[in-house]
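# Overview (structure and organization)
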Amino acid sequence: MRRLLIPTISLLLVGCSRSESTSTPTAAELGLQRADQARACLSDAGFRIMGGPRAPGDRNAPDVELIVNDSGAMAFLGYYKEVERAKRFESDLRRNARRFNGSVERRGPVSVVWVRKPSPDERRRIEGCAF
């Protein structure tokens, strides 16, 4: 009897906890509030967003990197915990961006590498969320 009761209770709990909501699940926190806000803003603006916190052994990456990959715009958004670290990597970002005719924009602890030139509207929307 006990063997049947536990699986039955488990099924009932799982069945009762299912949500009929059509909203997407909340994304995991990235570790930097500004990056979390930017990801939500970009997603709400209709952009497809990928990325997350840097790998533990990757010393050259930003603390959080978001990738905006849309039909027109493509950009890498780097979020740093410290402005000095963002400044230190800015020249490397610019050098790498020149390889593919990209550009870099940095404001404080946030760097944006534009891979493809966005339309003026896309640029405004991405910058409004990123910075």
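Structure: above.
Fair warning: this is a prediction, and the values are worked out from it, not measured in the lab.

## Topic: the nonpolar core
Leu42, Val64, Leu66, Val68, Leu77, Tyr79 and Ile126 are the most contacted members of the largest nonpolar core, which has 20 residues in total. Mapped onto this core, the elements with two or more residues apiece are α2 (33–44), β2 (64–69), β3 (74–79), β5 (110–116) and α4 (120–130). Setting aside residues up to four positions removed in sequence, Val68 forms contacts with Leu42, Phe47, Arg48, Ile49, Ala73, Met74, Ala75, Leu77 and Ile126.

## Quick look at the sheet that holds strand β4 (residues 103–107)
The sheet built from five strands is open, its strands ordered β1-β2-β3-β5-β4 with antiparallel pairing. Of all strands in the sheet, those with a lone pairing partner are β1 (49–53) and β4, marking the two edges. The mean inter-strand angle of the sheet, taken between neighbouring strand axes irrespective of direction, is 15°. In this structure, β1 lies alongside β2, joined through five bridges in antiparallel fashion. In the sheet register, Pro53 faces β2, and the bridge partner there is Val64. Running at roughly 10° to β2, α2 makes contact with β1, β2 and β3 of the sheet.

## Considerations on α4
Taken as a whole, α4 has its buried residues at Glu122, Ile126, Glu127, Cys129 and Ala130. The arc that holds the buried residues of α4, viewed along the axis, is 165°, so those residues lie on one side. Facing away from the buried side of α4 by more than 90 degrees, the exposed set consists of Pro120, Arg124 and Gly128. Contacts made by the buried residues of α4 are with α2, β2, β3, β4 and β5.

## What to know about the pattern of salt bridges
Tallied over the entire structure, the rule returns 13 salt bridges. Among the ionic pairs, Asp63 bridges to Arg54, the shortest N-O distance being 3.4 Å. Salt-bridge contacts for Glu105 lead to Arg123; the nearest nitrogen and oxygen are separated by 3.3 Å. Remark: Arg123 occurs in helix α4 and Glu105 occurs in strand β4; sequence separation between them is 18 residues. Residue class for Arg123 comes out partly exposed when judged on its relative accessible area of 29%. Among the charged side chains, a salt-bridge network with shared partners connects Glu105, Arg107, Arg123 and Glu127.

## Points about the packing of aromatic side chains
Tallied over the full model, the rule gives one aromatic pair. Ring geometry for Tyr80 against Phe89: centres 6.4 Å apart, planes inclined by 15°, an arrangement best described as stacked. Stacked on the ring of Phe131, the Lys or Arg Arg107 has its end atom at 4.1 Å from the ring centre.

## So, unusual backbone geometry
With phi around 60°, Asn101 is a residue other than glycine that occupies positive phi space. Along the chain, Asn101 turns up in the loop between α3 (83–98) and β4. Asn101 gets classed as exposed once you look at its relative accessible area, which sits at 74%.

## Overview of the state of the cysteines
In total, this model carries one disulfide according to the counting rule given. Covalent S-S linkage joins Cys41 and Cys129, the inter-sulfur distance amounting to 2.0 Å. The S-S bond linking Cys41 to Cys129 shows a torsion near -60°; that makes this disulfide left-handed. Placement of the pair is Cys41 in helix α2 and Cys129 in helix α4, with a sequence separation of 88 residues. Judged by relative accessible area, which is 31%, Cys41 ranks as partly exposed. Cys129 gets classed as buried once you look at its relative accessible area, which sits at 4%.

How each quantity is defined
Residue numbers run consecutively from 1 along every chain, following the written order of its sequence. Predicted model: local features are reported for residues with pLDDT of at least 70 only, side-chain atom pairs are reported and counted for 80 or more only, and whole-chain, interface and lining totals are derived from all residues. The basis for every side-chain value is the complete set of heavy atoms in the structure, and neither hydrogens nor water enter the calculation. To qualify as a nonpolar core, a set must consist of buried Ala, Val, Leu, Ile, Met, Phe, Trp, Tyr and Cys residues joined through side-chain atoms within 4.5 Å. Burial status follows relative accessibility: with a 1.4 Å probe on protein chains alone, a residue under 20% of its type maximum counts as buried, one over 50% as exposed, and anything between as partly exposed. Comment: elements are numbered from the N terminus, with helices defined as DSSP H or I runs of at least four residues and strands as E runs of at least two. Contacts are assigned to residue pairs that have any heavy atoms within 4.5 Å of one another. Note on pairing: two strands pair once DSSP finds at least 2 bridges between them. Only the stretch in contact is used when a helix axis is fitted, and all axes are lines through C-alpha atoms; the angle between N-to-C directions ranges over 0 to 180 degrees. What the arc measures is the spread of directions leading from the helix axis to the C-beta atoms. What makes a salt bridge here is a side-chain nitrogen of Lys or Arg within 4 Å of a carboxyl oxygen of Asp or Glu, nothing more. Aromatic pairing here means that ring centres of Phe, Tyr or Trp (its six-membered ring) are within 6.5 Å. Orientation follows from the plane angle: under 30 degrees is stacked, over 60 is edge-to-face, and everything else is tilted. Put simply, a charge is over a ring when the Lys NZ or the Arg CZ is close to the ring centre, within 6 Å, and near the line of the ring normal, within 35 degrees. Here, two cysteine sulfur atoms that lie within 2.5 Å of each other are counted as a disulfide.

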